[in-house]
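# Structural features, examined
If you want the building blocks of each chain, they are given just below.
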Amino acid sequence: MSSPVAAARTAPAAVSNGPRLTPLACRLCGAPHAPAPLATCPECLGPLEPAYDAARRLPTRAEIEARPRSIWRYREWLPILDAPVVSTDTGFTPLLEAPALARALGVRRALVKNDAVCHPTLSFKDRVVAVALNAAAGLGLETVGCASTGNLANSVAAQAARAGLPAWIFVPEDLEIGKIVGTAVYGPRLVRVRGNYDDVNRLCAQVADRFGWGLVNLNLRGYYGEGSKTVAFEIVEQLGWRLPQAVVAPMAGGSLLTKIDKGFAELAKAGLADGPRPRVYGAQAEGCAPIVNLVHRGGDRIEPVVPRTIARSIAIGNPADGRFAAEAIRSSGGAAAAVSDAELVEGITLLAATTGVFTETAGGVTVAAARKLVREGQLGPDDEVVLCITGNGLKTIEAVQPALAPAPIIDPKLREVAALAQAVH
Ligand SMILES: Cc1ncc(COP(=O)(O)O)c(C=O)c1O
Ligand SMILES: [Zn+2]
């Protein structure tokens, strides 16, 4: 491994025998750019995104169905042009029918997209990291990293370890213990920064420039974000190649929701998804709701906030893709809702009790927001709603533990069980 200073001096991405990548183009002004570890347009500072060859051959439904069950079965809509070299088995999580949850929410049908069991680190971030690490390989970047609220840290650490890459991972100092241990165990350079995620992100933007590393959600962000489209692709395929009516997703930087909307549009355009455009609904915690505020207020400028919520994984006060998420919500006919910390904890226990899925705080926000959207009349009794459960509850047990009744402790005596059983009846 070259020293950081040497890496800073050499132009990144000089040599690579990794996969070829799509070129990039500016989302705002359209300016093209060769594949590079670069997130913003040199012309206008808009975000760079992969530019796909409109004439490329697209697969049929049957061809996709015959491929291995991972995000790569949709490879024509991902920015890695050759076979992926790392993280080849991420994705294709279950879409669960949730009738008891539908009844509790008051909607016709509820489905849970269960990324609490995504591989390898139990959150949807495994999808974006799988794409980003293949982009890093294609660009010849030998060190990777990220700025993270926790799940991304877990995922970069695990997937870099598996790929044999050194990883530098930056997180807010006071993250949940499950997120810290679930990163450190893979042996990355884990750095805890005094400050909130937005401070970490600012620092990492400078780090990316200085050291020439591939920071997956900074200078590789254009490639990284595309991985989230696979949530939409899978939902459509799992519904028998039909678009859902409504989808509720949690928002932090706003990338996931924006890319779910984009994924639906791309499959529809390819003639592979039937039905009208799905309404997308965004969920945040009240203590950090800059995107929900923008949807409610109108306009296209995020007003940053200082996060104050137990939903640490989605506590981003200045979301990079906030305006795009707000635009996707509005133009699809969806809505946005913010919920309190108490409501999100109820969301976690409601989901667990009705579906057997234990989600982390972000999933609790999704469930609680869906409930609120029904109460507000934004979602109705005729709706089919897909809830994006994006992370695993075992990572944030401290959030829900205080809300659970303590289990009785007994001697190993039958009469003690009998007394408990009697008390229940
Ligand atoms: C569990 C979970 N859900 C949702 C999100 C939101 O993702 P995005 O930043 O793309 O909006 C995150 C982001 O960290 C997350 O960790
Ligand atoms: Zn531009």
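Within any chain, residue numbers begin from 1 and follow the written order of that chain's sequence. Labels follow written order: the first chain is A, the first ligand is 1, and so on. Totals for whole chains, interfaces and linings use every residue, but because this is a predicted model, local features are given only for residues with pLDDT of at least 70 and side-chain atom pairs only at 80 or more, for both listing and counting.

## A look at the pairing of strand E5 (residues 109-114)
Judged by how many residues are buried, E5 sits mostly within the fold: 5 of 6 residues are covered. Bridge count between E5 and strand E13 (residues 384-389): 6 bridges; the pairing is parallel. Bridge pairing in E13 places Leu111 opposite Val386. Residue burial here comes from a neighbour count, namely the number of other C-beta atoms, placed from the backbone, that lie within 10 Å of the residue's own C-beta, with 20 or more meaning buried, 12 or fewer meaning exposed, and in between meaning partly exposed. The way it works is that DSSP assigns letters per residue, a run of H or I at least four long becomes a helix, a run of E at least two long becomes a strand, and they are numbered from the N terminus. In short, DSSP must find at least two bridges between two strands for them to pair.

## Considering unusual backbone geometry
Of the consecutive residues His119 and Pro120, the connecting peptide bond is found in the cis state with omega at 10°. Take Pro120: it is sitting in the loop between E5 and helix H4 (125-138). Within the chain, Phe92 stands out as a residue other than glycine whose phi angle is a positive 55°. Among the secondary structure elements, Phe92 is positioned in the loop between helix H2 (61-65) and strand E4 (95-97).

## Thoughts on the domain arrangement of the chain
When the domains of the chain are assigned, the result is domain 1 (16-68 + 125-224) and domain 2 (95-122 + 228-403). Placing the centre of domain 1 and that of domain 2 at their C-alpha centroids yields a distance of 22 Å. With 21 residues of domain 1 at the contact, the number on the domain 2 side is 25 residues. The set of elements that each furnish at least two residues to the side of domain 1 that touches domain 2 consists of H2, H4, helix H5 (151-163), helix H6 (177-184) and helix H7 (197-211). A total of 5 residues in the side of domain 1 that touches domain 2 trace back to one element, the largest contributor, which is H5. When residues are grouped by polarity, Ala, Val, Leu, Ile, Met, Phe, Trp, Tyr, Cys and Pro land in nonpolar, Asp, Glu, Lys and Arg in charged, and all others, Gly among them, in polar. The class makeup of the residues in the side of domain 1 that touches domain 2 is 6 nonpolar, 9 polar and 6 charged. Marked domain ranges trace back to an automatic or database domain assignment. Distance between backbone-placed C-beta atoms decides contact: two residues are in contact if it is within 7 Å.

## Observations concerning the sheet that holds strand E11 (residues 279-285)
Strand order in the open sheet formed by 6 strands is E4-E5-E13-E10-E11-E12, and the pairing between neighbours is mixed. In the strand order of this sheet, the two ends are held by E4 and strand E12 (336-339), each with one partner. The sheet shows a mean angle of 25° between the axes of neighbouring strands, taken without regard to direction. As defined by bridge partners, E4 adjoins E5 across 3 bridges and the pair is classed as antiparallel. Looking at the pairing, Leu96 lines up with Val112 of E5. Lines fitted to the C-alpha atoms define the axes, with helices restricted to the stretch that makes contact. Angles between their N-to-C directions range from 0 to 180 degrees.

## A short note on the nonpolar core
When a protein is soluble and globular, its nonpolar side chains tend to lie buried together. With 127 residues, the main nonpolar core has Ala132 and Val156 as its most contacted residues. A per-element tally of this core places H4 first, with 9 residues. Counting contributing residues per domain, this core is built from domain 1 (16-68 + 125-224) and domain 2 (95-122 + 228-403), each supplying no fewer than three. With residues near it in sequence (within four places) discarded, Val156 still touches Val129, Val144, Gly145, Cys146, Ala167, Ile169 and Val216. Residues enter a nonpolar core if they are buried, belong to Ala, Val, Leu, Ile, Met, Phe, Trp, Tyr or Cys, and are joined to the set through C-beta atoms within 7 Å.

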